[in-house]
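Chain and residue survey
Below, each chain spelled out in residue letters.
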Amino acid sequence: MSSVAETVEAAPAGEFPIPANVFAETVTSVTHYTDRLFAFRMTRPQSFRFRSGEFVMIGLPNAEKPVFRAYSIASPAWDEELEFFSIKVPGGPLTEHLQKIKDGDTVLMRKKPTGTLVHDALKPGKRLFLFSTGTGIAPFASVIRDPETYEKFDQVVLTQTCRLDAELSYGRELVAHMHSDEMMQEVMAGKDLKFHATATREGETKGERITTLIENGKLFTDLGIAPLDPANDRAMICGSMAMLKDTEALLQAKGFEEGANNSPGTYVVERAFVD
């Protein structure tokens, strides 16, 4: 994925030109959850279309050749705005500056969305598991707000594992809103959404990763549901590279097969990540 864009010639004095063939959108809100995590919303181009779960390349107009990085779209495909959930990386080529944005600032976005965490890449099933760590919950924030998800599955199980309890706030707020908001209840249409949030450095789950919680059965006993079954279950995975590798190996050992847009399977994994 290239991060180099051609630039237009005209630009106000003292400012960098907006690259050609990108959208230049306006930030509408910013929420800082911890000193490491924040979310922001921005205007959505009228012509922009995407499938819930996909990602785009975003950047800032702060250089002649701006740095672009892959960011999952956290808002559902029907939302009038675009939402993103980001980590703050000291010295990160993009996040060092992105974490400082405020209402009214401009964010650049490439025009083509892509990604594997989409319904088209999965075979039909009854339960959908969404396994995430950290900001890997972002594409699933989109998926769980999409009516198609509840048309295809009877039950949706979202999991998020972070280091600290405070880092789970974004997901908790999201799911609480799903259960309390009248429009979101209509989206779920009587189907079941469950959320399992754990912090590995504190609380009852200290030191336990999602793979451990699957293997020892605690994930399923906590939620009161049956263990994983490739005959009925489908899964999406997004998070740290170590988590992707280990969760993928665990699913394969249970008989799950990886899918893709052109060859649906019983699980999919997203390997794009930000700096």
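Throughout what follows, the structure given in this document is the object of discussion. Note that the structure is a prediction, hence the values are computed from the model and not measured.

1. Structural notes on the sheet that holds strand β6 (residues 106–110)
Sheet architecture is open: 6 strands sit in the order β4-β3-β6-β1-β2-β5, paired in antiparallel fashion. Edge positions in the sheet fall to β4 (68–72) and β5 (81–87), since each has one partner strand and no second. This sheet shows a mean twist of 40° between the axes of neighbouring strands, independent of strand direction. Of the strand pairs in this sheet, strand β3 (residues 55–59) and β4 are connected by 5 bridges, and their pairing is antiparallel. Bridged to Ile58 within β4 is Arg69.

2. Digging into the pairing of β5
A regular strand places its side chains so that they alternate between the two faces of the sheet. When you tally the buried positions in β5, you get 6 out of 7 residues, the bulk of the element. Strand direction decides the pairing type here: strand β2 (residues 37–43) and β5, joined by 7 bridges, are antiparallel. Paired with Ala39 across the two strands is Phe85, which belongs to β5.

3. Description of unusual backbone geometry
Excluding glycine, most residues fall at negative phi; most peptide bonds, likewise, are trans. Even without a glycine there, the phi angle at Asn21 is positive, about 60°. Its location among the elements puts Asn21 in the segment before β1 (22–32).

4. Thoughts on the sheet that holds strand β9 (residues 192–199)
Pairing within the open sheet is parallel, and its 5 strands lie in the order β9-β8-β7-β10-β11. Two strands bound the open sheet, and with one partner strand each, they are β9 and β11 (267–269). Strand after strand, the sheet turns through a mean of 10° between neighbouring axes, direction not considered. Of the strand pairs in this sheet, strand β7 (residues 127–133) and strand β8 (residues 155–162) are connected by 7 bridges, and their pairing is parallel. Along β8, the bridge assignment pairs Phe131 with Thr159.

5. Some points on helix α8 (residues 241–253)
When the terminal C-alpha atoms of α8 are compared, their 18 Å separation across 13 residues agrees well with the 18 Å that a helix rising 1.5 Å per residue should span. Every buried residue belonging to α8 is among Met243, Leu244, Thr247, Glu248, Leu250 and Leu251, and all of these are buried. All buried residues of α8 project into a common sector of 160° when viewed along the axis, lining one side. Exposed and oriented more than 90 degrees from the buried face of α8 are Lys245 and Ala253. The elements touched by buried residues of α8 are β7, α6 (210–215), β10 (233–238) and β11. With its phi angle positive at about 100°, Gly255 sits one or two positions after the end of α8.

6. A look at the nonpolar core
Generally speaking, soluble globular proteins have nonpolar side chains that are buried together. One finds Leu130, Ile144, Tyr150, Leu158, Leu193 and Met236 to be the most contacted residues of the largest nonpolar core, which totals 33 residues. Contact partners of Leu130, with chain neighbours within four places excluded, come to Phe140, Val143, Ile144, Val156, Val157, Leu158, Thr159 and Met236. Membership of the second largest hydrophobic core comes to 20 residues, among which are Phe131, Val157, Ala235 and Ile237.

7. Quick look at the packing of aromatic side chains
Per the counting criterion, the structure on display carries 10 aromatic pairs. Ring plane angle 80° and centroid distance 6.1 Å describe the contact between Phe23 and Phe48, whose orientation is recorded as edge-to-face. One end of the pair, Phe23, is in strand β1; the other, Phe48, is in the loop between β2 and β3, and 25 residues separate them in sequence. Phe48 shares its class with Phe23; the two are buried. Among the aromatic residues, those joined into a cluster by ring pairs are Phe38, Phe40, Tyr71 and Phe84. Cation over ring: Arg110 sits above Phe68, and NZ or CZ is 4.3 Å from the ring centre.

The rules behind these values
- Residues numbered from 1 in each chain as written.
- Predicted model: local features only at pLDDT ≥ 70, side-chain atom pairs only at ≥ 80, totals over all residues.
- Heavy atoms only, no water.
- Pairing = 2+ DSSP bridges.
- Helix = DSSP H or I, 4+ residues; strand = E, 2+ residues; numbered from the N terminus.
- Axes fitted to C-alpha atoms, helices over the stretch in contact; angles between N-to-C directions.
- Buried < 20%, exposed > 50% of the residue type's maximum accessible area, 1.4 Å probe, protein only.
- Expected span 1.5 Å × (residues − 1).
- Arc of directions from axis to C-beta.
- Contact = heavy atoms within 4.5 Å.
- Core = buried A, V, L, I, M, F, W, Y, C linked by side-chain atoms within 4.5 Å.
- Phe/Tyr/Trp six-rings, centres within 6.5 Å; stacked < 30°, edge-to-face > 60°.
- Lys NZ or Arg CZ within 6 Å of the ring centre and 35° of its normal.

What is shown is where atoms sit, not what they do.
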